[in-house]
Amino acid sequence: MYILDRLKQLAQGAELYSRDEERGKVHIEGSHIQSIQVDRSYGRALRVFKNGKIGFGHTSQVDTESDARLIERALSVASHGQVANFELPGKPGSSAGQCVDQTTEHLEIENVVHFAKRVLEQLRSSNRTLGWSTIASYEQGTVSLVNSAGFEAQYDFTNFHLVLSGLYTQEDDIVHYYRKWSGKWPMRELISTLSGRVNQELNEISYISKMEHGAYQVVFSPLATKALLHTVVKPITGKNANLLSKRIDKHILDPKITLVEDPTCDEFCQPIPFDDEGVVTRPKYLFKEGVFVEGIHSLATASSVECWPTGNGLRPEYSKTPRPKAVNLFLSPGSQSVNEIVANVKNGVYIVLLGNTVNSNFRAGQLVGTVGLGYRIMNGERVGRIKNAALNLNGLAALKNQIIAISSEREWVDSSFLPSIALDGIYIGSMS
Amino acid sequence: MASVSNQSDDLYTLFSTVVAQVPVEYCEVRWEETSYTRFIIRDGDVEQVEENELGGGCVRALVQGAWGVATFTNPAHFETSINLAIKLAQLSAQHSNRVIRLAETIPQQARVTFPIQEDPCSLLLASKLALFTEYDRYARTLPNIEHCVCRYFDEAKRTVLVTSNGTHLIQNQTDLYGSLTLSAFSQGKNLSVPVYGGSSNDFGALRNLQAGIKLAGEHLTQLQKVPSVQTNTYPVVIGPELASLLVHEAFGHFSEADNQINNPQLLQLMQKGRSLANRCLNIFDSGLEVGTRGFVPFDDEGVPGQRTDLIREGKLVGRLHSRETAAWFGEQPTGNARAVSFRFPPICRMRTINIGPGDTPYEDMIRRISLGVYADGPYGGKVDGENFSFVALKARMIRHGQLAEHVGPVNLTGSIFRTWANIEAVGTDYLCKDTAGGCGKGGQGPLRVSAGAPHLLVKELLVTPR
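Residues numbered from 1 in each chain as written. Chains lettered and ligands numbered in written order. Predicted model: local features only at pLDDT ≥ 70, side-chain atom pairs only at ≥ 80, totals over all residues. Heavy atoms only, no water.

Peer 1: Where do I start with empty space enclosed by the protein in this structure?
Peer 2: Gaps between atoms show up when a probe of the same size as a water molecule is rolled over them. Enumeration over the complete set of coordinates arrives at two cavities of 30 Å³ or more. Space inside the largest cavity adds up to approximately 50 Å³. Lining the largest cavity we find Asp 173, Ile 174, Val 175, Val 371, Gly 372, Arg 385, Ile 386, Lys 387 and Asn 388 of chain A together with Glu 386 and Asn 387 of chain B. Every element with two or more residues in the lining of the largest cavity is listed here: β7 (173-183) and β16 (366-378) of chain A. In terms of residue count, the dominant contributor to the lining of the largest cavity is β7 of chain A (three residues). Residues belonging to the lining of the largest cavity are distributed by class as follows: four nonpolar, three polar and four charged. (1 Å grid on protein atoms, 1.4 Å probe; cavity = no way out; pocket = protein on both sides within 12 Å on 5 of 7 lines; lining within 4 Å. Points joined across faces, edges and corners; volume = space filled by probe spheres on them. Helix = DSSP H or I, 4+ residues; strand = E, 2+ residues; numbered from the N terminus. Nonpolar A, V, L, I, M, F, W, Y, C, P; charged D, E, K, R; others polar.)

Peer 1: Before we go on, may I ask you to explain the interface of chain A and chain B in this structure?
Peer 2: A common measure of how large an interface is: the accessible area buried when the components associate. On the side of chain B, 72 residues touch chain A, which itself brings 66 residues to the contact. Here chain A meets chain B over a buried area of about 6100 Å², counting both sides, of which 49% is carbon and sulfur. Where chain A touches chain B, the interface holds five salt bridges. As a salt-bridge pair, Glu 53 of chain B and Arg 73 of chain A come within 3.7 Å of each other at their nearest N and O atoms. Connecting chain A to chain B are 25 residue pairs in polar contact (both at pLDDT 80 or more). The leading source of residues in the side of chain A that touches chain B is strand β2 (residues 32-50) of chain A, at 10 residues. Classifying every residue of the side of chain A that touches chain B by side-chain character gives 21 nonpolar, 29 polar and 16 charged. (Contact = heavy atoms within 4.5 Å. Buried area = accessible area lost by both parts, 1.4 Å probe. Salt bridge = Lys/Arg side-chain N within 4 Å of Asp/Glu carboxyl O. Polar contact = N/O pair within 3.5 Å; in protein donor to acceptor, adjacent residues only side chain to side chain.)

Peer 1: Can you walk me through a positive patch on the surface in this structure?
Peer 2: A cluster of basic residues, Lys 234, Arg 323, Lys 325 and Arg 363 of chain A together with Arg 151 of chain B, forms a positive patch on the protein surface. Examined against the element boundaries, Arg 151 of chain B turns out to sit in strand β5 (residues 147-163). Assessed through its relative accessible area of 36%, Arg 151 of chain B is described here as partly exposed. (Patch = residues over 30% accessible without salt bridge, like charges linked within 9 Å, V, L, I, M, F, W, Y side chains within 5 Å. Areas by Shrake-Rupley, 256 points an atom, 1.4 Å probe, with all protein chains shown as cover. Lys, Arg positive; Asp, Glu negative; His and termini not counted. Charge placed at Lys NZ, Arg CZ, Asp CG, Glu CD. Buried < 20%, exposed > 50% of the residue type's maximum accessible area, 1.4 Å probe, protein only.)

Peer 1: I tried to follow the nonpolar core on my own but got confused; where do I start?
Peer 2: Judged by nonpolar contacts, the single largest core of 119 residues is most densely connected at Phe 220, Phe 287 and Leu 399 of chain A. Beyond its immediate chain neighbours, meaning those up to four positions away, Phe 220 of chain A contacts Thr 225, Leu 228, Ile 351, Leu 354, Leu 391, Leu 393, Ser 420, Ile 421 and Leu 423 of chain A. Of all hydrophobic cores here, the second largest spans 48 residues; its members include Val 236, Leu 242, Phe 417 and Ile 423 of chain B. (Core = buried A, V, L, I, M, F, W, Y, C linked by side-chain atoms within 4.5 Å.)

Peer 1: Would you mind going over helix α6 (residues 222-233) of chain A with me for this structure?
Peer 2: The periodicity of an α-helix, 3.6 residues per turn, causes residues three or four places apart in sequence to face the same way. If you check α6 of chain A, its first and last C-alpha atoms are 16 Å apart, about what 12 residues at 1.5 Å a residue would give, namely 16 Å. Buried residues dominate α6 of chain A, accounting for 11 of its 12 residues. (Expected span 1.5 Å × (residues − 1).)

Peer 1: Looking at this model, I keep getting lost on the pattern of salt bridges. Mind explaining?
Peer 2: Any two side chains of opposite charge can pair, so long as their charged atoms come close to each other. A full pass over the atoms with the stated rule returns 46 salt bridges over all chains. The salt bridge partner of Asp 173 of chain A is Arg 385 of chain A, with a shortest N-O separation of 2.6 Å. Within this pair, whereas Asp 173 of chain A is found in strand β7, its partner Arg 385 of chain A is found in strand β17 (residues 381-385), the two being separated by 212 residues in sequence. In terms of burial, Asp 173 of chain A and Arg 385 of chain A fall into one category: buried. With its nearest N and O atoms 2.7 Å apart, the salt bridge here joins Glu 28 of chain B to Arg 60 of chain B. Note that Glu 28 of chain B is positioned in strand β1 (residues 26-42) and Arg 60 of chain B in strand β2 (residues 45-63), a separation of 32 residues in sequence. Look at Glu 28 of chain B and you get buried, because its relative accessible area is 1%.

Peer 1: Could you clarify how one ought to interpret the layout of surface pockets in this entry?
Peer 2: The space that makes up the second largest pocket amounts to roughly 480 Å³. Lining the second largest pocket are 17 residues, with Gln 200, Val 338, Asn 339, Tyr 350 and Arg 382 of chain A positioned closest to its centre.

Peer 1: What exactly am I supposed to notice about the sheet that holds strand β9 (residues 283-286) of chain B here?
Peer 2: Sheets are built from strands that pair by backbone hydrogen bonding, the pairs being arranged parallel or antiparallel. All names here are of chain B. The mixed open sheet is built from six strands, whose spatial order is β11-β10-β9-β14-β23-β20. Two strands in the sheet have a free side with no partner beyond their single neighbour: β11 (315-316) and β20 (431-432). Relative to β11, strand β10 (residues 307-312) is paired through two bridges, and the arrangement is antiparallel. Among the inter-strand pairings, Arg 312 is bridged to a residue of β11, identified as Lys 315. Of the strands in this sheet, β9, β10, β11, β14 (352-355), β20 and β23 (450-453) touch helix α5 (residues 240-255), which is tilted by about 110° from β14. (Pairing = 2+ DSSP bridges. Axes fitted to C-alpha atoms, helices over the stretch in contact; angles between N-to-C directions.)

Peer 1: Help me out: how do you make sense of the packing of helix α4 (residues 109-126) of chain A against helix α2 (residues 78-95) of chain B in this one?
Peer 2: Look at α4 of chain A against α2 of chain B: their axes get within 11 Å of each other, and the N-to-C directions meet at 25°. Put simply, α4 of chain A runs roughly parallel to α2 of chain B. Taken as a pair, α4 of chain A and α2 of chain B cross one another with a handedness that is right-handed. Residues Ile 109, Glu 110, Val 113, His 114 and Lys 117 of chain A of α4 of chain A lie in contact with α2 of chain B, whose contacting residues are Lys 87, Leu 88, Leu 91 and His 95 of chain B. Partitioning the contact of α4 of chain A with α2 of chain B into residue classes produces four nonpolar, two polar and three charged. (Parallel < 35°, antiparallel > 145°, perpendicular 65-115°, else oblique. Left-handed = near helix turned anticlockwise from the far one by under 90°.)

Peer 1: I would appreciate a short explanation of the pairing of β2 of chain B in the present structure.
Peer 2: For a regular strand, side-chain orientation follows a simple rule: the groups alternate between the two sheet faces. Residues and elements named next belong to chain B. In terms of residue burial, β2 counts as a mostly covered element, since 16 of its 19 residues are buried. Note: β1 against β2, 17 bridges, orientation antiparallel. Paired with Phe 39 across the bridge in β2 is Val 49. Between β1 and β2, which pair antiparallel one after the other, the connecting turn spans two residues, and Asp 43 there sits at a positive phi close to 50°. Bridge count for β2 against strand β3 (residues 66-72) is seven bridges, and the pairing is antiparallel. When the sheet's bridge partners are listed, Leu 62 is paired in β3 with Trp 67. Taking the residues between adjacent antiparallel strands as the criterion, β2 and β3 are bridged by two residues, where Gln 64 takes a positive phi near 50°.

This is how it looks when you write it as structure tokens:
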């Protein structure tokens, strides 16, 4: 409070965010522990509002000299800073929250080592075609936020992350397969079903199927669906939402698409009670039966597109300013099973994962990428893996006009719960 | 810009005393103090501006052939972090079946400061903002330009490295880059063209960008009118900037020795002596190019920067090493162990990777092609498995041995090893232009790097419209 008290005389408003955390990470390559690392960090970030502009500073030190320098830096930058187009939120409904998974909270690094080894042993015993590696990590800490408008709250948090990587190599034919989860200490079901799911996705990896350039029926796995959804989430995030903001309550996507974003979900993910600016989080429809309901905003971007903040102003670490970000996405399921969907595809492709989508212009709904791992489907059967293939589509258009079906089954991908989606008329270029 | 404090000088003494007494095979502490400036200007409005400082340390201990790593932000936690790193290394040793050794190096004692020309730290934030505000204003006066986003970053980083084998280094490093992205909507598509520059010692690299902005504006106007390429496989002449990205992403990462150790099949593919390409191809990585963003006089293990040949006349001849990987291969460390910040241990990374000039003039490459594509102006790209995919903003058809009509941005996709074997000619020219991007690997990014190359003629690539 010392800092905010000092600033009462020097600025019109202020916000102090602090994060105290420990992260533990275990990286195993094959049967070799590559590294075990523990990071301990504490940091505070200050935003000051002066003469209608915002100044920002941060420090990892805890002493009065550092506090004085932090205040000086933030005030100094404020004269050049971003225009303050929003007001800080006042008192929250509750002063504290619990976002702690009891198991992760008491996790020791030894537990993570044993867990990561067990996962890898399970994968190796069920699939020896790939070279496996994993990174398992946890976070435990406390976030606190106080501002000059009267907001003062803190919560303890935990998080667990698991990344699995498999490398398939036959001479110069290389496929990189991966899966990623974030949330609570992995559910038992996740581990028990892991081998079956992975094997299903890698079954025909060594059989190569030829294909020509052309438009195909394409089934996107839940993992590939995550990349596909970027094409509709990015255009409604932050200032990108400017163009679509006039189309709220309009049909933008196929009525089969109902997409919810929920930072409060505690089923698998770790919930947060308020975002990193003090806006209370809530579940929200982004699209309901194809109708655009609302976007993803921080305080600043909500103001710039003239809507309410949505509780999505998040900082990847204390030293960054809040940015609008969607977290846990839930796409409603369809009525057909994946097997039924695939069985109905006469001439198509099943994409397990999109390999390289960095060239995409997601803000405009454009997805460009290589097919990281995909299979040719002929007359309802997977007949072999496709190589050196790339696709280019506009997700906003494809998810409006080209949906064939959405699967009834859903899977956790990172911290989102997603089905498979089948689209018609997707153009794929191929060198094979 | 705030200057780097002298706290590191006091810590240097403490680290030297403690590390010398730690009873392990090897121990190192790396403490970093960084002051940086960063801003974003979007259509004339400052969207983000920062002048900040960041400090922290990374301790690495090698015990019974296994690593333990601990990072900290409070210098008072240094000694507890050493104990934690040792404990983690012991735990790792219990579970690991590979014993890590380190290649011998000559301990270095030095204080290094990058040879600065125009120092960004000597400039006020207001003058940097004024320069980019002027660029932004100029860009938006050009025909058809609807939006302009300017990004600027500079940092002064002091790194203290103390190792138990006697290295005591203090390096004062500088890095800076800036970019403008001009964009316009046309026929439902968002088209963008960037202008950028970067340096490790000269703010001058970001002055006088008006000519580049004008060219980018003309290019963007042109992109609004041109047709899309027809998806197909074509012979492609790749321009030097795109070839620089290609060699970094589609060869350099495979040369990083830690990637090879962790993948026996890749190791087999990258065997020294294997012929990967035609004799016209030479590739090397170097930390010696003063002023480039890949200038690395000492890596984060204290190994001096040097030139490392990777491909000579089409044959694989070298790898990029840390001390650990050099010992594993029985080779010499190459000065490529780099960490993006104190939050990470060093891993094998590139510095400035280069394709050496060849013997075919660019005009001759064009003359050889009856139907093909010319591509340059990289706008992102990445490798996944054996595939790479890059966007080229500057693309033209080649017809009957001549450059023909311009086409819209293209996506180039290919198989890595097949593409290197398919390089039919290497240009006599060479360009090394620092970008506003950086390299990412294992969660560590963006790391400052550079790349340089001449024109390349590739027999066949999949070309699709972006």
